[in-house]
Each structure stands twice: as C-alpha cells, then as structure tokens.
Amino acid sequence: MSEKDLPSDTRFSRGLPRRYNRRTLLKAALGLTAGSGAGSFLAGRAFAHRSETDSLLHAASTAIPAPTIGTPDLIVAGSPGTGPARWAPVLAPSLETTLPTDGPLNLRNVAGQDGVTGANLFDAQASGENALLVPGTAILAALAGDSRVHFDYQRWLPVALVTGSPLVVGHVDFRRSLRTLLQNRPVRVAVTTPTGAELPTLLAMAILSMRAIPVSGLATRDTSIEALQRGEVDVAQLSPGSATPELLDALKTKGFVPLFSLTAEAGGSLPDFAGRFTSLRGHAPDHPLFPAYQAAAHAASIEAALVLPMLTPPASAALWRHAAHLTASLPGVDEVARSSHTRLTTEADVLPFYAALSPPLASVLAFRRWLSASSVSWRTG
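As a starting point, this report considers the structure included with it.

About the criteria used
Residues numbered from 1 in each chain as written. Predicted model: local features only at pLDDT ≥ 70, side-chain atom pairs only at ≥ 80, totals over all residues. Heavy atoms only, no water. Helix = DSSP H or I, 4+ residues; strand = E, 2+ residues; numbered from the N terminus. Buried < 20%, exposed > 50% of the residue type's maximum accessible area, 1.4 Å probe, protein only. Areas by Shrake-Rupley, 256 points an atom, 1.4 Å probe, with all protein chains shown as cover. Core = buried A, V, L, I, M, F, W, Y, C linked by side-chain atoms within 4.5 Å. Contact = heavy atoms within 4.5 Å. Salt bridge = Lys/Arg side-chain N within 4 Å of Asp/Glu carboxyl O.

## Let's talk about the overall build of the protein
For step 1, the next point in the chain: Looking only at helices and strands, the protein features 16 helices and eleven strands.
For step 2, the next point in the chain: Scored against the burial criterion, the 381 residues of the protein give a buried share of 43%.
For step 3, the next point in the chain: As presented, the protein carries roughly 19900 Å² of accessible surface, and 57% of it is formed by carbon and sulfur atoms.

Right, here's the structure in full:
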C-alpha cells in the first residue's frame, strides 16, 4: 500500500512524529505545560542570564585601564624672568597631580626672551603627548611677520592662559589742536624692541594720529621708569604685576598718569584703549589698524599660554583641559595669580580670548605695511 492510500491522520503521524515529539519536549522543558511553574522557571533563567552579563561587563571594565597620556614634555619657551619661566614651577607640580600620566612632566627649558625659539622647537617636534608654555610675545612676533617665526600659532589647541592687561603710563597731549599739529612733536615710547611687547602701544599712538618713536633697549620696568623720569621717553608700558599703586602714586606726583590699559578688565577703574579713544574722539575706533591693535593687545596680555599641537587626540586634549581647570582652582595657583594681578583662564573662557589673536587677513597685511613704512622713520629717529 502506498503512502497516498493511507488515511490522512496516518500520514501525519508517520511523517512528523519526530518534529512533534521535539516540540512537545521543548514545551515541557520550558515549563509551558507546567501551569504556574512556567513563570518561576523563566524568571530564574532571566536572572541567571543577567548575572552572567553583569559579571562579564564588570570583568571588561576592570580589564580596561584608565586613559593616560604617557610622559609628556612641557616645553618652557622663555628665558628666566619671562612669564613661562615664572609660571612653569607653579603649573608643573599642580598638573602632575591632576593629569593622568605615566610619570612626571619633563620640563624642557628653551631660552629666548620672546619665546620664538621654543615655539619653533615645539612645532618641529610636536606630538600628541607634548605641550608648550609660551609667552604672548611669540604671537606678537608672528603677527608682525618676523622672519624667525616658523610656527603657526593658529594651529595650536589652547588649554589655559595666564592673562593680565598691561598699563600705559606717561604724559601725552592727545588734543589735536593747530599748535600740536604744527609742532609735529613725536611721542617717545620705551620699548624692549620695536616689535616687542610694547608694539600695541605704538599701534595705539598711530591710531590716535600721534607720531610714535620707539626708544629701544629699555627691557625692564626699572629702566623704563628711570627713562620716563629723566625725560628720555614720554610713554612706558607696565606689566600687570609691576603697576603697583605705590609706583603709580609716585609717577603721578611727577606728572605721569595712567593713560589706558591695553585690554578691558572686569571691575577695572581705568578704561581700555577703545574707551579712551571714544572719550577723546567721540566715537568708537574705526581705524584700519584697530583690528590689528586688538590682536596685538590680547597677545601682549598673555603672560603664558599652555597649548597643545593641532593633531592631539581629542581624548588627550580633554584630559589636559580638565587638569588645567582643576589646577586653576587650587589655592596656591590662585594666590600666585592674584599677587601678579593676573588670572588663569581655562575651559570655555579660553577660546574667545584666543580667537581674538587672529584678525582678518586684510588687517594683518595693513599692520605689516604700516610696520614696514614706520621702521624707516624709526631707524632715522
């Protein structure tokens, strides 16, 4: 008898007995036929599975070490007495406690009054583990188109900035009367070099239509003040730490008063240059050189900048920024900043300040043309 002649129920029982039996056994194993015991069985399986998963995740988390950045080099670009040289002994120990490294920071001191040499070395040997502590004068040199500059500060990642606005003091008649125009008397400005930290003051005088002449070689506060008191210069630029109330009172008795600060300061009693210009001229500065002045003034206000290479991995950059934020809140660091009338800027406040260092290209070209043309008269006196 063939299979097609068998009754349908017989064909079903003959063709699928094994499948039927497996399904039945599976239901039985799962407790689906056991009534009220099914829920407890499934709950037990789910609990066992969850416990096993939690154990695997815990083992994986303990096997992965916390991220570190190796043993980074901190290049200190500046000779003794410069901002980076003063701040490196303060920041390095604090960063070592807040930065997850495999060892202490390797400090590499690179001499150079304006920090250009150290900045060049940093760009040439930059890696994801290195950092640079550089003064704002190196950025000033780059803005001025100094031939020694082989770095691009716009490609650096800023982590922290030690900033404080310098103060311009002296005796200058800013009124544009016929008598002053006929006299054409120059304003002598005490500078370290014509393209040094006092470059914003020279720019400010040019924007005020004054004929500024830099008097070079006055590298310290004492030499500048002595030249001012002897009548050899008319204007001097003081660092935030050196503009003490006692010094300003002593200068005021001799006719030398604060003229303006380079940048605006919260709660400051002295107007910045933009405010001073507005009070003198009745309108905000609209000179073509003003954007370049703003960039130069911000650069001169930087005592020390902690920066990373552009190709630093994002995870490492985040570790540096968090460590700098923790460092800024340490009492010892805050005390040093207050004593020098500066502040350590970190996190969200860093980027707006650093962005001000990059004026439009047209302003940079106008600034360099002015600098090139002015250098001729500066050399002839």
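## Side note on the nonpolar core
For step 1, the next point in the chain: Ranked by internal contacts, the top residues of the largest apolar core, which has 64 residues, are Trp156, Tyr293, Phe367 and Trp370.
For step 2, the next point in the chain: At eight residues, the largest contribution of residues to this core is made by helix 12 (residues 290-300).
For step 3, the next point in the chain: Discounting chain neighbours no more than four positions away, the residues touching tryptophan 370 are Leu199, Leu202, Leu203, Ala206, Leu289 and Trp378.
For step 4, the next point in the chain: In this structure, Leu95, Ala160, Leu306 and Ala317 belong to the second largest nonpolar core, which totals 27 residues.

## Concerning the pattern of salt bridges
For step 1, the next point in the chain: Taken as a whole and judged by the stated rule, the model has eight salt bridges.
For step 2, the next point in the chain: Between aspartate 114 and arginine 148 there is a salt bridge, with the nearest N and O atoms lying 2.5 Å from each other. Of this pair, aspartate 114 sits in the loop between strand 2 (106-110) and helix 5 (116-124) while arginine 148 sits in the loop between helix 6 (136-143) and strand 4 (157-163); the two residues are 34 residues apart in sequence, bridging distant segments of the chain.
For step 3, the next point in the chain: On the basis of relative accessible area, arginine 148 is assigned to the partly exposed category, the value being 38%.
For step 4, the next point in the chain: Between aspartate 146 and arginine 148 there is a salt bridge, and its shortest N-O distance comes to 3.0 Å.
For step 5, the next point in the chain: Taken together, the shared-partner salt bridges connect Asp114, Asp146 and Arg148 into one network.

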